[in-house]
Amino acid sequence: TKLILLDSLLQEIAFDMSRQRPLHIIVSLIYLLTVSLPLYNLLIVQQVSRKIQQNDRTCTEGFIWNKTETEDAFYLYLTFDDGPNDGTPRILDVLKNLDVRATFFIVGRHLERFPKQAEVNRKTLVRLAKEGHCIGDHSYDHMSHNAENAHRGAYRGVKDDIRWFGEMNIAAVNSSLTNAGVDRDDINNVIGSMRTIIRLPYTDKWRVGDIHSDCICTEPDSSTRNAIDLSDALKKNGAKVFGWDVEWTMSSDNRYVFGPYDMVSKLNPEGGRRYRKLVILSHDRIHRPGGDRDYAEDLSTFIRVALKRGYQFRTLDTYLTDKP
């Protein structure tokens, strides 16, 4: 009806112009605006509704469906802490299926303690090396020899703390890969990455290039100060100490707090230590068997949605050289 009325008004204006009747023209134009503006708004609403319907099949609670595709390179660095353990193989299956590489910060004690699980973990380590993932140092025992209760008292002093990184952790990895018959060049690559790519347990410390960042993540204050001193010492020895920009948060039972679409919504190109680069923290044990949903599918969905939206996955060995 409104379209028919609009067409009639246009015809009337044309008739008045042909008869040179300016007052009638002005009145008609005013009336035309009162009709056409609401009609224009109606058309816009209809277009948006159609757009929502077209995207509805990929919409899930928490997912920002209308975020624009990235035009320039935007790098995501998936990192997993505390492995290898019984959750790591499921992560590797997902990554292999999607042809994506990640960085794993490993704890060498998992390769030696509890013989039955350690045997499985050593096989998982071989997969990590052979499937092209980056392996970083997360201390030999997650600093549990110091920690009184989780993060409390994790760092006691640089002189002793630094021994639990580097050669102590590398020795367990070197032995496991050598006994499994892994090619020596591949082993040397792993050892090289563990010497230069480190993450401190319990704490979001950064010593990468000109990035220098600390957090108050452990208790008491002396532990925080010791962790800062340790980060400085590791950098002085030639290592890069990585924290994270975005955490896929764990619940008290060590499962994902929120789903993959909510995780995608947290990706902010300007939210990292480097423009268009985000280091994502997750943990291997989230993917252990059991739980109330398929956490491997959560990871797979997150990666597939991110790839579809133009994000590129990299490992931390190229963090400083990747060009946005």
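Above: the structure in question.
Cut-offs and rules
- Residue positions are given per chain, counted from 1 along the sequence in the order it is written.
- Owing to the predicted nature of the model, reporting of local features is limited to residues with pLDDT of at least 70; listing and counting of side-chain atom pairs is limited to 80 or more, with chain, interface and lining totals taken over all residues.
- Hydrogens and waters are ignored; side-chain quantities use all the structure's heavy atoms.
- Think of a salt bridge as a Lys or Arg side-chain nitrogen and an Asp or Glu carboxyl oxygen that are within 4 Å of each other.
- Each residue's exposure class comes from its accessible area (1.4 Å probe, protein chains only) as a fraction of the maximum for that residue type: buried when under 20%, exposed when over 50%, partly exposed otherwise.
- Each axis is a line fitted through C-alpha atoms, and for a helix only the stretch in contact is used; angles between axes span 0 to 180 degrees, taken between their N-to-C directions.
- Elements are defined by DSSP. Helices are runs of H or I of four residues or more, strands are runs of E of two residues or more, and each kind is numbered from the N terminus.
- Small angles under 35 degrees read as roughly parallel and large ones over 145 as roughly antiparallel, with 65 to 115 read as roughly perpendicular and the rest as oblique.
- Contacts between residues were defined by any pair of non-hydrogen atoms, one from each residue, lying within 4.5 Å.
- Amino acid classes used here: Ala, Val, Leu, Ile, Met, Phe, Trp, Tyr, Cys and Pro are nonpolar; Asp, Glu, Lys and Arg are charged; the rest, including Gly, are polar.
- Here a crossing is taken to be left-handed if its near helix is turned anticlockwise relative to the far helix by less than a right angle, and right-handed if that turn runs clockwise.
- Only rings of Phe, Tyr and Trp enter the pairing, Trp through its six-membered ring, and a pair is recorded when the two centres are within 6.5 Å. The plane angle decides the type: under 30 degrees is stacked, over 60 is edge-to-face, the rest tilted.
- Strands are treated as partners if at least two bridges between them are detected by DSSP.
- If the strands point away from the viewer and the path from the first strand over the helix to the second runs clockwise, then the crossover is right-handed.
- Counting rule for disulfides: a pair of cysteine sulfur atoms within 2.5 Å.

*Asks:* Outline the pattern of salt bridges, listing residues and values.
*Replies:* By the definition in use, this model includes 16 salt bridges. Linking Asp-99 and Arg-101 is a salt bridge whose minimum nitrogen-to-oxygen distance equals 3.4 Å. On the accessibility criterion, Arg-101 (33% relative accessible area) is partly exposed. Because the salt bridges share partners, they merge into one network encompassing Asp-93, Arg-127 and Glu-131.

*Asks:* Tell me about the packing of helix H4 (residues 115–130) against helix H6 (residues 167–179), and please be specific about residues and values.
*Replies:* Running from amino to carboxyl end, H4 crosses H6 at an angle of 85°, the nearest separation of the two axes being 10 Å. Comparing their axes, H6 and H4 come out roughly perpendicular. Taken together, the residues of H6 that come into contact with H4 (itself represented by Arg-122, Leu-125, Val-126 and Ala-129) are Val-173, Ser-176 and Leu-177. Partitioned by chemical class, the residues of the contact of H4 with H6 number five nonpolar, one polar and one charged.

*Asks:* Describe the packing of H6 against helix H7 (residues 184–196), naming the residues involved and giving the relevant values.
*Replies:* Packing of H6 against H7 leaves a shortest axis separation of 10 Å and a crossing angle of 165°. The angle between H6 and H7 falls in the class roughly antiparallel. Considering the relative orientation of H6 and H7, their crossing is right-handed. For the pair formed by H6 and H7, the contact residues are Glu-167, Asn-169, Ile-170, Val-173, Asn-174, Leu-177 and Thr-178 on the first element and Arg-184, Ile-187, Val-190, Ile-191, Met-194 and Arg-195 on the second. Per-class residue counts for the contact of H6 with H7 are seven nonpolar, three polar and three charged.

*Asks:* Run through the packing of aromatic side chains, naming residues and quoting values.
*Replies:* Two numbers describe a pair of aromatic rings. These are the distance of the centres and the angle of the planes. Going through the model one piece at a time under the given rule, you end up with twelve aromatic pairs. On the numbers, 4.8 Å between centres and 70° between planes, the contact of Phe-74 with Tyr-311 is edge-to-face. Remark: Tyr-311 occurs in the loop between helix H10 (295–308) and strand E10 (312–313) and Phe-74 occurs in the loop between helix H2 (22–55) and strand E1 (75–83); sequence separation between them is 237 residues. There is no split in this pair, since Phe-74 and Tyr-311 are both buried. Taken together, a centroid distance of 5.8 Å and an interplanar angle of 65° make the contact between Trp-206 and Phe-242 edge-to-face. Taken together, the residues span a long stretch of sequence, with Trp-206 in strand E5 (residues 206–208) and Phe-242 in the loop between strand E7 (240–241) and strand E8 (246–247) at a distance of 36 residues.

*Asks:* Mind laying out the pairing of strand E9 (residues 277–283), listing which residues take part and the relevant values?
*Replies:* Burial analysis of E9 places seven of its seven residues in the buried class, the great majority of the element. Side-chain alternation along E9 places Lys-277, Val-279, Leu-281 and His-283 on one buried face and Leu-278, Ile-280 and Ser-282 on a second face that is also buried. Pairing of E1 with E9 involves seven bridges; the strand directions are parallel. The residue of E9 that forms the bridge with Leu-76 is Leu-278. Of the pairings in the sheet, the one linking E8 to E9 comprises two bridges and is parallel in character. Across the sheet, residue Glu-247 finds its bridge partner in E9, namely Leu-281. Of the crossover connections in this fold, the one passing from E8 over helix H9 (residues 260–265) to the parallel E9 is right-handed.

*Asks:* I'd like to hear about unusual backbone geometry, residue by residue, with values.
*Replies:* A cis amide bond, omega -5°, links Gly-83 with the succeeding residue Pro-84. By the element assignment, Pro-84 lies in the loop between E1 and helix H3 (88–98). For the peptide bond that leads from Glu-219 to Pro-220, omega is -10°, which places it in the cis range. Tracing the backbone through its elements, the reader meets Pro-220 in the loop between strand E6 (211–213) and helix H8 (221–236). The phi dihedral of Phe-114 falls on the positive side, at around 55°, and the residue is not glycine. Residue placement: Phe-114 occurs in the loop between strand E2 (103–106) and H4. The exposed category is assigned to Phe-114, whose relative accessible area is 54%. Of note in the backbone geometry, Arg-276 takes a positive phi value of approximately 60° without being a glycine.

*Asks:* Hey, could you go over the state of the cysteines for me, with residue numbers and the actual values?
*Replies:* For the structure on display, the rule yields one disulfide. Between Cys-215 and Cys-217 runs a disulfide, and the two sulfur atoms are separated by 1.7 Å. Of note, the bridge from Cys-215 to Cys-217 carries an S-S torsion of about -125° and is left-handed in sense. On the basis of relative accessibility, which here comes to 17%, the residue Cys-215 falls in the buried class. Note on Cys-217: relative accessible area 25%, which makes it partly exposed.

*Asks:* Report on the environment of Ala-73, specifying residues and quantitative values.
*Replies:* Within the fold, Ala-73 resides in the loop between H2 and E1. For Ala-73, a relative accessible area of 14% corresponds to the buried category. When the C-alpha positions of Ala-73 and Gly-310 are compared, they lie 7.8 Å apart, and in sequence the two are 237 residues distant. Every residue in contact with Ala-73, bar those within four places of it in the chain, is listed here: Arg-276, Gln-312, Lys-323 and Pro-324.

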